[in-house]
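Geometric and topological summary
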Amino acid sequence: MRKLISGLHEYQHHVFKAQKELFAKLSQGQSPEALFITCSDSRIDPNMLTQTEPGDLFVLRNAGNIVPPYGAGHGGEAATIEFAVDKLGVKDIIICGHSLCGAIKAVFNREVLADMPMLTAFLAHAESTRRIVLENYHDIDPEGLLNIGSQENVLVQVENLRTHPSVAARLAKGDLNIHAWMYKMETGAVFGYDAGDRQFLPATEFMNQSGKSSRNKLVGL
Ligand SMILES: [Zn+2]
């Protein structure tokens, strides 16, 4: 905790003061650019990744960047999505998976979930991910399984996201975009799903986003 307490001091006395105009503006209200859904993994920093500031991203995080389908529970995910879409009126939703994801590893190695009933139940929302990979990708090594599994999981969660009425209504109006991203933490690269190529492409190349269900087998990143 010593590191965190020292950080609080540094923040209050240096960082906050240096950006007081920004924080004064933010104290009047928020109008974030996007809803950013990602894993709770400590190695991901959405603001650092996108070089954005406080106020730019409305963030939803959990183990495995999971979006339970609408009606699958009354958890914080549905409430957060509803607020971001209906109240804040975000124009973009990003679901960002990542390499070396422990939650996805657990989806394919259920024995590591022993004695964790809540996590086991939560990761059931990635059961489609498990089935898609096991039934469509053969002769895949553990590393490839994790890589492809993380990518497929982002696409599965995009489909789950579409089941939320607030999202479905705005998609029908054509004023909401969903983006499927993958962050490769070993290199810092971000890939976005391209609905035309039906693959994740480097961030500099992807333009045509928001994939739909029909898709090719994915390749390793
Ligand atoms: Zn993760």
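1. Some points on the domain arrangement of the chain
- Taken domain by domain, the chain consists of domain 1 (1–29) and domain 2 (31–202).
- Listed by partner, the interface residues are five residues for domain 1 and four residues for domain 2.
- Each partner contributes to the roughly 270 Å² buried at the junction of domain 1 and domain 2, and carbon and sulfur atoms together form 65% of this total.
- Inspection of the domain 1/domain 2 interface yields zero salt bridges.
- On the surface where domain 1 and domain 2 come into contact, there are zero residue pairs in polar contact (both at pLDDT 80 or more).

2. Considering empty space enclosed by the protein
- What the rule picks out here adds up to two cavities of 30 Å³ or more.
- Looking at the second largest cavity, its volume works out to about 30 Å³.
- Along the walls of the second largest cavity sit Gly64, Asn65, Gly97, His98, Cys101, Ile104, Ser150 and Asn153, which together make up its complete lining.
- Broken down by secondary-structure element, the contributors of at least two residues to the lining of the second largest cavity are β3 (92–98) and α8 (142–162).

3. A few points about the coordination of the zinc ion
- Only Cys39 (SG), His98 (NE2) and Cys101 (SG) from the protein coordinate the zinc ion, and they sit 2.0 to 2.3 Å from it.
- Here the donor residues of the zinc ion are spaced in sequence according to C-x58-H-x2-C. One end of the pair, Cys39, is in strand β1 (residues 34–39); the other, His98, is in strand β3, with 59 residues separating them in the sequence.
- Look at His98 and you get buried, because its relative accessible area is 1%.

4. Some words on the layout of surface pockets
- In this structure, the largest pocket encloses a volume near 300 Å³.
- Contributing elements (two or more residues each) for the lining of the largest pocket: α1 (2–18) and α3 (46–50).
- Within the lining of the largest pocket, the residues separate by chemical class into five nonpolar, two polar and one charged.
- Two domains each donate at least three residues to the lining of the largest pocket, and these are domain 1 (1–29) and domain 2 (31–202).
- At the level of secondary structure, the elements contributing two or more residues to the lining of the second largest pocket comprise α8 and β4 (177–184).
- Its residues assigned to classes, the lining of the second largest pocket comprises four nonpolar, three polar and three charged.

5. Some points on the sheet that holds β3
- Here six strands make up an open sheet; going across it, the order is β2-β1-β3-β4-β5-β6 and the pairing mixed. Strands with a single pairing partner mark the edges of an open sheet, and in this sheet they are β2 (57–62) and β6 (199–202). With strand direction ignored, the average angle separating the axes of adjacent strands in the sheet is 30°.
- With seven bridges joining them, β3 and β4 adopt parallel strand pairing. Bridge pairing in β4 links Gly97 to Met182.
- Helix α4 (residues 76–87) contacts β1, β2 and β3 of the sheet and is inclined by roughly 170° relative to β2.

Calculation criteria
- Residues numbered from 1 in each chain as written.
- Predicted model: local features only at pLDDT ≥ 70, side-chain atom pairs only at ≥ 80, totals over all residues.
- Heavy atoms only, no water.
- Domains from an automatic or database assignment.
- Contact = heavy atoms within 4.5 Å.
- Buried area = accessible area lost by both parts, 1.4 Å probe.
- Salt bridge = Lys/Arg side-chain N within 4 Å of Asp/Glu carboxyl O.
- Polar contact = N/O pair within 3.5 Å; in protein donor to acceptor, adjacent residues only side chain to side chain.
- 1 Å grid on protein atoms, 1.4 Å probe; cavity = no way out; pocket = protein on both sides within 12 Å on 5 of 7 lines; lining within 4 Å.
- Points joined across faces, edges and corners; volume = space filled by probe spheres on them.
- Helix = DSSP H or I, 4+ residues; strand = E, 2+ residues; numbered from the N terminus.
- Donors = N, O, S within 2.8 Å, 3.2 Å for Na, K, Ca; no water.
- Buried < 20%, exposed > 50% of the residue type's maximum accessible area, 1.4 Å probe, protein only.
- Nonpolar A, V, L, I, M, F, W, Y, C, P; charged D, E, K, R; others polar.
- Pairing = 2+ DSSP bridges.
- Axes fitted to C-alpha atoms, helices over the stretch in contact; angles between N-to-C directions.

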